[in-house]
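Remarks on the overall topology
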Amino acid sequence: MEQRLTIVGLGVNDLKVSNDFYENKFGWKKMTSSNDDISFFQLNGLLLSLYPREKLAEDAGVSHEGSGFKGFTLAFNARTEEEVDELISVLENKGVTIVKRPEHVFWGGYSSYISDPDGNLWEIAFNPYLTLDEKGNTVE
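Residues numbered from 1 in each chain as written. Predicted model: local features only at pLDDT ≥ 70, side-chain atom pairs only at ≥ 80, totals over all residues. Heavy atoms only, no water.

Points about the sheet that holds strand E7 (residues 121-126)
As summarised here, the arrangement of the four strands in space is E4-E7-E6-E5, forming an open sheet in which the pairing is mixed. Each having just a single partner strand, strand E4 (74-78) and strand E5 (97-104) make up the two edges of the open sheet. With strand direction ignored, the average angle separating the axes of adjacent strands in the sheet is 15 degrees. Where strand E6 (residues 110-115) and E7 come together, six bridges link them in antiparallel fashion. (Pairing = 2+ DSSP bridges. Helix = DSSP H or I, 4+ residues; strand = E, 2+ residues; numbered from the N terminus. Axes fitted to C-alpha atoms, helices over the stretch in contact; angles between N-to-C directions.)

Spelled out as structure tokens, the structure:
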């Protein structure tokens, strides 16, 4: 199997609420292939899709019930600590739930967490061990 990821699919409780979050809080644009049943956002080489939670669970053949930590986080890597602070300030002013305020963390970076309407955790971080190109992609 090739070492790649094509789509991160999130099962959401209310597609309209989640669309509003990603479009109006993050300022992202939906792809034209989105429709009333599913939304797609083009990211750096992969897609984020939003789909009703119950339907996504049904498609996978599993229960849609569950709570607490989901066992994964999504991450946005900033270029500086100051960019982390600025992003958190902008998101907080837009009413986004700040789960953890920016702070220096044990692994040597600077990190904060926010939550989307479905409790999916986004880490907004500066990682001094990663190099980002002009498009925000990591490079070795």
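This is not the end of the story, as more comes after the structure.
Section: the packing of aromatic side chains
Enumeration over the complete set of coordinates arrives at ten aromatic pairs. The interplanar angle of 80 degrees and the centroid separation of 5.3 Å between the aromatic rings of phenylalanine 26 and tryptophan 122 together place this pair among those described as edge-to-face. Placement of the pair is phenylalanine 26 in the loop between helix H1 (15-25) and strand E2 (39-42) and tryptophan 122 in strand E7, with a sequence separation of 96 residues. The same class applies to phenylalanine 26 as to tryptophan 122, namely buried. (Phe/Tyr/Trp six-rings, centres within 6.5 Å; stacked < 30°, edge-to-face > 60°. Buried < 20%, exposed > 50% of the residue type's maximum accessible area, 1.4 Å probe, protein only.)

Here's the deal with the pairing of E6
Of all six residues in E6, five are buried; the element is thus mostly enclosed. If you look at the hairpin formed by E5 and E6, you'll find five residues sitting between the two strands, and glycine 108 has a positive phi there, around 100 degrees. Hairpin geometry of E6 and E7 is characterised by an intervening segment of five residues between the two adjacent antiparallel strands and by a positive phi of about 80 degrees at glycine 119.

Concerning the layout of surface pockets
Estimated volume of the largest pocket: approximately 730 Å³. Lining the largest pocket we find 24 residues, and of these Leu43, Asn44, Ala75, Phe76 and Gly136 sit closest to its centre. Those elements that place two or more of their residues in the lining of the largest pocket are E2 and E4. Looking at the lining of the largest pocket element by element, the count peaks at five residues for E4. Each pocket or cavity is described by its volume, and for the second largest pocket that value is around 240 Å³. Taken together, 13 residues line the second largest pocket, and the ones lying closest to its centre are Gly11, Arg53, Leu56, Lys70 and Phe72. Elements that contribute at least two residues to the lining of the second largest pocket include exactly strand E1 (7-12) and helix H2 (53-60). If one sorts the elements of the lining of the second largest pocket by residue count, H2 sits on top with four residues. (1 Å grid on protein atoms, 1.4 Å probe; cavity = no way out; pocket = protein on both sides within 12 Å on 5 of 7 lines; lining within 4 Å. Points joined across faces, edges and corners; volume = space filled by probe spheres on them.)

Considerations on the UniProt feature "domain: VOC" (unreviewed entry) in the protein
According to UniProt, the feature "domain: VOC" (unreviewed entry) maps to residues 4-127 in the numbering used here. Secondary structure over residues 4-127 splits into 26% helix and 33% strand, and the C-alpha atoms at its two ends are 21 Å apart. (UniProt positions renumbered as here; feature names shortened; annotations may be inferred.)

Here we look at the side chain of aspartate 116
With respect to the secondary-structure elements, aspartate 116 resides in the loop between E6 and E7. Buried within the structure, aspartate 116 lacks any salt-bridge partner; lysine 70 is the closest side chain of opposite charge, at an N-O distance of 6.7 Å. At 2.7 Å, the side chain of aspartate 116 and the side chain of tyrosine 22 are in polar contact. Setting aside residues up to four positions removed in sequence, aspartate 116 forms contacts with Leu10, Phe21 and Tyr22. (Lys, Arg positive; Asp, Glu negative; His and termini not counted. Salt bridge = Lys/Arg side-chain N within 4 Å of Asp/Glu carboxyl O. Polar contact = N/O pair within 3.5 Å; in protein donor to acceptor, adjacent residues only side chain to side chain. Contact = heavy atoms within 4.5 Å.)

Topic: a negative patch on the surface
Together, Glu54, Glu58, Asp59 and Glu65 make up a negatively charged patch on the protein surface. For aspartate 59, the position within the fold is in helix H2. (Patch = residues over 30% accessible without salt bridge, like charges linked within 9 Å, V, L, I, M, F, W, Y side chains within 5 Å. Areas by Shrake-Rupley, 256 points an atom, 1.4 Å probe, with all protein chains shown as cover. Charge placed at Lys NZ, Arg CZ, Asp CG, Glu CD.)

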